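Architecture at a glance
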Amino acid sequence: MRAYVPDFDITVPDRLDDALKMLAEKPGFYRPLAGGTDLMVVFNAGHQIYKNFLSLHKFQELHGIHVTDEEVEIRALATYTDLRYHPILKAEFPMLCQAAAESGAGAIQNRGTIGGNIGNGSPAADTPPALAAYGAEIDLISKDGVRSLPFRNFQTGYKQMDLRPEELIRGVRLKRKSGRLHSYRKVGTRKAQAISKVCFAATVRLESGKIVEAGIAYGSVAPTVGCCEKLEQKLVGLSLAEASKLDPMEVKKLAGESISPIDDIRSSGEYRLKVAKNLAADFVSNLENLNV
Amino acid sequence: MGKYIGKEFSRVDGVAKVTGAAPYAAEFHVPGTAHGYLVMSRIAKGTITKIDTAAAEKSPGVVRVFTHKNTPKFAHPEKYKSFKALQSPEIVFNAQPIAVVVAETFEEARAAANLVEATYRREDPSTDFFGRVEEAEQAPDSPFSGKSVQTTGDAEQAMSSAEITFEAEYTIPAEHHNPMEPHAAVAYWKNGKLKIFDKSQDVYTVRSNLAAALGVPEDDVHVVSPYVGGAFGCSIRTNYYPFLTAMMARELKRPVKLVYTRRQMFTGHGYRPFTHQKIQLGAKKTGELISIIHEAANNTSTVEKWNDSTTRFTRHIYACPNMKTIQRLVKTDLPTPCAMRAPGAVSGMFALESALDELSYKLDMDPLELRLKNYAEVDPANGKPYSTKALRECYRRGAEKFGWDKRQPIPRSMREGNELIGYGMSTGIWYAFQQPATVKVVLKADGTAQLTSATSDIGPGTYTVMTIIAAEYLGIAPEKISFGLGDTQMPKAPVQGGSWTTASVGSAVHGAAMKLKSRLLSLAQKDKDSPLQGLGPDEVVLLDGRLQNRKQTSNGVSIVGILKAEGMDSMTEVHKETPSKIREDYQLLAHGAQFVEVRVDEQLGMVRVSRAVEATACGKIMNPKTSHSQEMGGVVWGIGMALTEHTEVDDRFGRIMNPSLADYHVPCCADVRKVDTDFIEEDDRVVNPLGVKGMGELGMVGIPAAISNAVYHATGKRIRHLPMTPDKVLKA
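Definitions and limits used
- Residues numbered from 1 in each chain as written.
- Chains lettered and ligands numbered in written order.
- Predicted model: local features only at pLDDT ≥ 70, side-chain atom pairs only at ≥ 80, totals over all residues.
- Heavy atoms only, no water.
- Helix = DSSP H or I, 4+ residues; strand = E, 2+ residues; numbered from the N terminus.
- Rg over C-alpha atoms; globule rule 2.2 N^0.38 Å.
- Contact = heavy atoms within 4.5 Å.
- Areas by Shrake-Rupley, 256 points an atom, 1.4 Å probe, with all protein chains shown as cover.
- Lys, Arg positive; Asp, Glu negative; His and termini not counted.
- Charge placed at Lys NZ, Arg CZ, Asp CG, Glu CD.
- Buried < 20%, exposed > 50% of the residue type's maximum accessible area, 1.4 Å probe, protein only.
- Axes fitted to C-alpha atoms, helices over the stretch in contact; angles between N-to-C directions.
- Parallel < 35°, antiparallel > 145°, perpendicular 65-115°, else oblique.
- Left-handed = near helix turned anticlockwise from the far one by under 90°.
- Pairing = 2+ DSSP bridges.
- Expected span 1.5 Å × (residues − 1).
- Salt bridge = Lys/Arg side-chain N within 4 Å of Asp/Glu carboxyl O.
- Domains from an automatic or database assignment.
- Buried area = accessible area lost by both parts, 1.4 Å probe.
- Polar contact = N/O pair within 3.5 Å; in protein donor to acceptor, adjacent residues only side chain to side chain.
- Nonpolar A, V, L, I, M, F, W, Y, C, P; charged D, E, K, R; others polar.
- Core = buried A, V, L, I, M, F, W, Y, C linked by side-chain atoms within 4.5 Å.

Now for the overall build of chain A. Within chain A one finds twelve helices and 14 strands. Relative to the compact-globule value of 19 Å for 292 residues, chain A shows a C-alpha radius of gyration of 19 Å, a close match. Expressed along its principal axes, the backbone C-alpha trace of chain A runs to roughly 60 × 45 × 30 Å. Restricting to contacts in chain A with at least 6 residues of sequence separation, those with at least 24 account for 62%. Total accessible area on chain A is roughly 12,500 Å²; 51% of this is exposed by carbon and sulfur atoms. Computing the positive centroid from 38 side-chain charges and the negative centroid from 35, chain A places the two 4 Å apart.

This is the structure in structure tokens:
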């Protein structure tokens, strides 16, 4: 608890355009501040290296969850509480609701935002695996306009991401499609308020009884949120019955190839690897039991 | 059940607590207060060679920076054996205070604290307790658990001749109390006298320690601690911060406040020590124990020798003719451990009750049957009868409520989906202590009563239970009674610890009421026409504001009437209650039985305690509501100790790695499912006039072992090293 409040400045622009101009004029000078639930922890610990914060709160463009026939767009300042109780998300993208419900306590869920969860870049964050599994697109905004890319390409390394200093995260978009099955599991030391040891988000989408899309992603087991592309490819084209009969050892092998867990204070690399493989094998072998 | 005793009472201080009206130590606002902020060492062992405070002193708002160079020395250092802050350049543990920055505001003090620079001559610390168990030395004897080596019969000889033997080693890591309220003090001096608001379980000891350190008479030190937001043992010792706060206030001639941060809480007081235990059991094939050898070692600091009394109950629980217990210590470059809820007992019973469970499988015998087979009817160590012991009934009631008969004996034989289900049980035990305590009662002519005693209420409901006892024996409604505590201007009470407060202070309240009753009777009998003429004190009772004939309750006089007839505004009684001699003829213990169901996710290694049933026999239950809360709290803590709690030390630096509530995991609400607590009441006329035993510590004693035993039953894997984290469960 060493940070000294007067050492820090916060700017609260009224308009997003003004903020984007400020970011372009002084790249890297401002640290965007949304819910602050990560930044304040570092601040309290006395390790906050950023001194100038840019509050995003007044920008209506960054608030809300917008639903069209084709997609759901979650803007950056949507809180965990917003996600957790949103009826369309609960019906169609339940892994996001579950991830939000299992992040922190009620107070954190009321403050913390999905934009912050993404922008903080932690490999242990709980919503990114769900976003990656659902094949979300991320929208980045700067004074030059909006740039979109697949969410699973957004993280480039430990706390590194494809985000330019002049850009803000505007939001993420999820394609609404029928026929999805979902399995989200967070493994933490306790049932709530624990940072993940392993986080697993997996979904397949069925058309005419065959898997046409698969998304399988992990948190906390690699420097970035990672997708098991080989396993995803393996599942596409199979019926649920065929998929559930895949050799569990092969599933585990494919799952293990995409991750590189380490030992840290929350768990051992050995445990994480074993559990990550078990979760994948369990998901695949139980596909027939999952509800659409 | 009395009129009030034994009935459900909500906490009398509950509304004040939830509305913020109850002030905790840091919330006493004294005008002109300066704020201290601690600077902690970055090494665990060595000497400060240079400490540069110049930049901090120039920082805005800073009043003074205290280091070992400008801090006055203790007037009588020999009277306080524990760690003393800023008394020398020597570093004896990591995150030891090396300076306090005092400033006009907390934020200014905190900012300047960052500017204090220390240079050290660093030595390699030694904190790897488990790597050094072989070096352990014999512990000093303990005032509560006696000699560090104790024997009954010839345990080694009996072990070598036993038909069945079992031997295993068990370990427990350091654990911290983590009360919600951080330790804090606010101190000021006026006319050479100190007043200090402190978070304490023992205001009188704080007073004597401060007086000795500051070189002033005890009467010149006034310690106030009306509310404590949890302590669990970590505010029994006078920690270093009240000394610093009082000293700084005297030097600066103004009030000073010092509050620990959560991080500082991890080295600002003690902790449950690292513990290594080896248990050897010898038994007949039919299950009768013939020998128990229990060797335990715990870590201590280099400053003093903390004996955690891990083996304290081993010789008092099973009818075994040959027993030996040994307690050893290993010095480490860590702070001194201290009492933490059920000190020694929960650690020792984790090992003993796990070992007994292991023996039951070796004997192919139900674990409960094995315990009943070795049920002690008299204390096996000294042959004394138990004053009361309803443990057999606890086993029976607990097993019945839990459905122990549905247990399938073979491990891994109960399953639901991915979850393996296991049943485990254990035994809990604690003392029925009583200490001398004094209470002052002022009975007023307006029909109210004010009671005071310098005990503490760290959460068990002391304010409430004393009010109930006073209401019962003074015959006054609870809402007309006030009970004050936590103040050295009140009569002396023992430290709130050892689960002895109700037995000690409550008995003093009872004793005072009995004296007042006699005095009121004498006054009433001055009236020749009194309906109470000819009756002795035992034949009358105080009830509903009247002194009345116990048998003919219509014959009586009002208390207020007696006082008014004498022209008295009030009647005061100061009564000291001491433990009775008869206690020495008995073994005085409280017991309990614990049954738990766990569900183990086979793929994740996650253990969930899905059900816990705890049946407890601890004498009379004064207030079932707060008593159940106590026992449920014990179960929850037992879950934490079994599954998550672990203070992790980086032995390279001797530094605690997880000093926060985010990284030190106590159970959250979602981890606690069904907890059923039940009491088997005992009618104990020996322990004290109220018939109460302790329950605060008892509630958690058997839980970690019961969970470990259930994990074995679920998985077939025995985990002897707490906490049973998923990686251990999956790997085992």
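Next up on the list: the overall build of chain B. Helices and strands together make up the secondary structure of chain B, namely 17 helices and 30 strands. For chain B, the C-alpha radius of gyration of 27 Å lies close to 27 Å, the compact-globule estimate for 732 residues. Taken along the three principal axes of its C-alpha coordinates, chain B extends 80 × 70 × 50 Å. Looking at chain B residue by residue over its 732 residues, the buried ones come to 64%.

This next bit is on the packing of helix α11 (residues 248-257) of chain A against helix α12 (residues 269-285) of chain A. Residues and elements named next belong to chain A. Packing of α11 against α12 leaves a shortest axis separation of 8 Å and a crossing angle of 130 degrees. Comparing the axis directions of α11 and α12 gives the class oblique. α11 and α12 meet at a crossing whose hand is right-handed. The segment α11 lies against α12, with P248, V251, K252, A255 and G256 engaging L273, K277, N278, A280, A281 and V284.

Now for the sheet that holds strand β6 (residues 117-122) of chain B. Residue and element names in this part refer to chain B. Taken in spatial order, the three strands make up an open sheet running β4-β2-β6, and their pairing is antiparallel. Among the strands making up the open sheet, the edge pair consists of β4 (90-91) and β6. Strand direction decides the pairing type here: strand β2 (residues 46-52) and β6, joined by six bridges, are antiparallel. Bridge pairing in β6 places T47 opposite R121.

With that settled, consider the sheet that holds strand β20 (residues 449-452) of chain B. In any sheet, the strands associate via hydrogen bonds between backbone groups, in a parallel or an antiparallel arrangement. Residue and element names in this part refer to chain B. Overall, mixed pairing links the four strands, which are arranged β21-β20-β19-β25 in an open sheet. Strand pairing shows two members of the sheet lacking a second neighbour, β21 (481-484) and β25 (570-577), which therefore form its edges. Within the sheet, the average angular offset between the axes of one strand and its neighbour, ignoring direction, is 15 degrees. Summarising the sheet, strand β19 (residues 437-444) and β20 pair through four bridges and their orientation is antiparallel. Following the sheet pairing, K440 is matched in β20 by T452.

For the rest of this paragraph, the subject is helix α11 (residues 462-474) of chain B. All names here are of chain B. Compared with the 18 Å implied by 1.5 Å per residue over 13 residues, the 18 Å span of α11 between its first and last C-alpha is a close match. Of all 13 residues in α11, twelve are buried; the element is thus mostly enclosed. At its buried positions, α11 is contacted by β19, β20, β21, α12 (501-524), β22 (540-543) and α13 (559-565).

With that out of the way, let us pick up the pattern of salt bridges. Applying the stated criterion to the full structure yields 70 salt bridges over all chains. The salt bridge partner of E123(B) is R121(B), with a shortest N-O separation of 3.5 Å. Judged by its relative accessible area of 45%, R121(B) is partly exposed. Close ionic contact of R685(B) with D683(B) constitutes a salt bridge, the shortest N to O distance being 2.8 Å. Overall, D683(B) belongs to the exposed group, its relative accessible area being 53%. The structure contains a network of salt bridges with shared partners spanning E71(A), E73(A), R75(A), E137(A), D139(A), R170(A), R173(A) and K175(A).

Residues and elements named next belong to chain B. Given a rise of 1.5 Å per residue, twelve residues ought to cover 16 Å, and the 16 Å separating the end C-alpha atoms of helix α5 (residues 203-214) matches this to within 8%. For α5, the tally of buried residues reaches ten of twelve residues, placing the bulk of the element in the interior. Those residues of α5 hidden inside the fold are in contact with β10 (184-190), β11 (193-198), β12 (221-224) and α6 (240-252). A positive backbone phi angle near 70 degrees is found at G215, which sits one or two residues after α5.

Residues and elements named next belong to chain A. When its domains are assigned, chain A resolves into domain 1 (5-55), domain 2 (61-175) and domain 3 (180-289). The straight-line distance from the C-alpha centre of domain 2 to that of domain 3 is 20 Å. The interface of domain 2 with domain 3 comprises 25 residues on the first partner and 25 residues on the second. On the domain 2 side of the contact with domain 3, M95, P129 and R152 bury the most area, a combined 26% of that side's loss. The interface formed by domain 2 and domain 3 includes three salt bridges. For D126, the salt bridge identified is with K186, shortest N-O distance 2.8 Å. Connecting domain 2 to domain 3 are ten residue pairs in polar contact (both at pLDDT 80 or more). Those elements giving two or more residues to the side of domain 2 that touches domain 3 turn out to be α5 (94-101), α8 (127-133) and β8 (155-157). Along the lines of polarity and charge, the residues of the side of domain 2 that touches domain 3 split into 14 nonpolar, five polar and six charged.

Another point: the nonpolar core. Residues and elements named next belong to chain B. By size, the foremost hydrophobic cluster in this structure holds 90 residues, and its most contacted members are L281, L289, L359, F595, V598, I707 and M724. Take this core: its biggest share by element is ten residues, from helix α8 (residues 345-363). Dropping the residues within four chain positions of it, F595 is found in contact with L368, C394, Y395, G398, A399, F402, W404, G424, M425, R611, A612 and V613.

For the rest of this paragraph, the subject is the interface of chain A and chain B. Interfaces are often described in size by the accessible area the parts lose on coming together. Opposite the 25 residues of chain A that make contact, chain B presents 34 residues. Our enumeration of links across chain A and chain B arrives at two salt bridges. No other element matches α12(A), which puts seven residues into the side of chain A that touches chain B.

On to the pairing of strand β26 (residues 589-601) of chain B, then. Residues and elements named next belong to chain B. Across the 13 residues that make up β26, a large majority, 13, are buried. Of the two faces of β26, the one lined by L589, H591, A593, F595, E597, R599 and D601 and the one lined by A590, G592, Q594, V596, V598 and V600 are each fully buried. Relative to β26, strand β18 (residues 419-431) is paired through 13 bridges, and the arrangement is antiparallel. Looking across to β26, one finds that S426 is bridged to Q594. Linking β26 back to strand β27 (residues 607-617) in an antiparallel pair, the connection comprises five residues, with G605 at a positive phi of about 75 degrees.

Moving on, we come to the environment of F483(B). All names here are of chain B. Relative to the helices and strands, F483 is located in strand β21. Sequence-wise, F483 and Y463 are 20 residues apart; in three dimensions their C-alpha atoms are separated by 6.2 Å. When sequence neighbours within four positions are dropped, the list of residues in contact with F483 reads V439, L451, S453, T455, Y463, M466, T467, V505 and V509.

The next thing to look at is the domain arrangement of chain B. All names here are of chain B. Domains assigned within chain B are domain 1 (25-124 + 179-261), domain 2 (149-158 + 272-433 + 585-731) and domain 3 (435-578). The distance between the C-alpha centroids of domain 1 and domain 3 comes to 40 Å. With 18 residues of domain 1 at the interface, the matching set in domain 3 holds 16 residues. Summed over both sides, the interface of domain 1 with domain 3 buries roughly 1,300 Å², with 54% coming from carbon and sulfur.

The subject of this paragraph is the side chain of D333(B). Residues and elements named next belong to chain B. The topology assignment puts D333 in the loop between β16 (323-331) and α8. Despite its burial, D333 pairs with no opposite charge; the closest candidate is K45, at 4.1 Å N-O. Within the structure, D333 has its side chain in polar contact with the backbone nitrogen of S126 (distance 2.7 Å). Residues within four places of D333 in sequence aside, it is in contact with A44, K45, V92, F93, D124, P125, S126, T127 and T302.

Packed helices, taken two at a time, are described by the angle between their axes plus the distance between the axes. Residue and element names in this part refer to chain B. Between α8 and helix α16 (residues 703-715), the least distance of the axes is 8 Å, while the angle of their chain directions is 30 degrees. Classified by the interaxial angle, the pair formed by α8 and α16 is roughly parallel. Considering the relative orientation of α8 and α16, their crossing is right-handed. Of the residues in α16, those in contact with V346, M349, F350, E353, S354, D357 and Y361 of α8 are P704, A705, S708, N709, Y712 and H713. Taken together, the residues of the contact of α8 with α16 break down into seven nonpolar, four polar and two charged.

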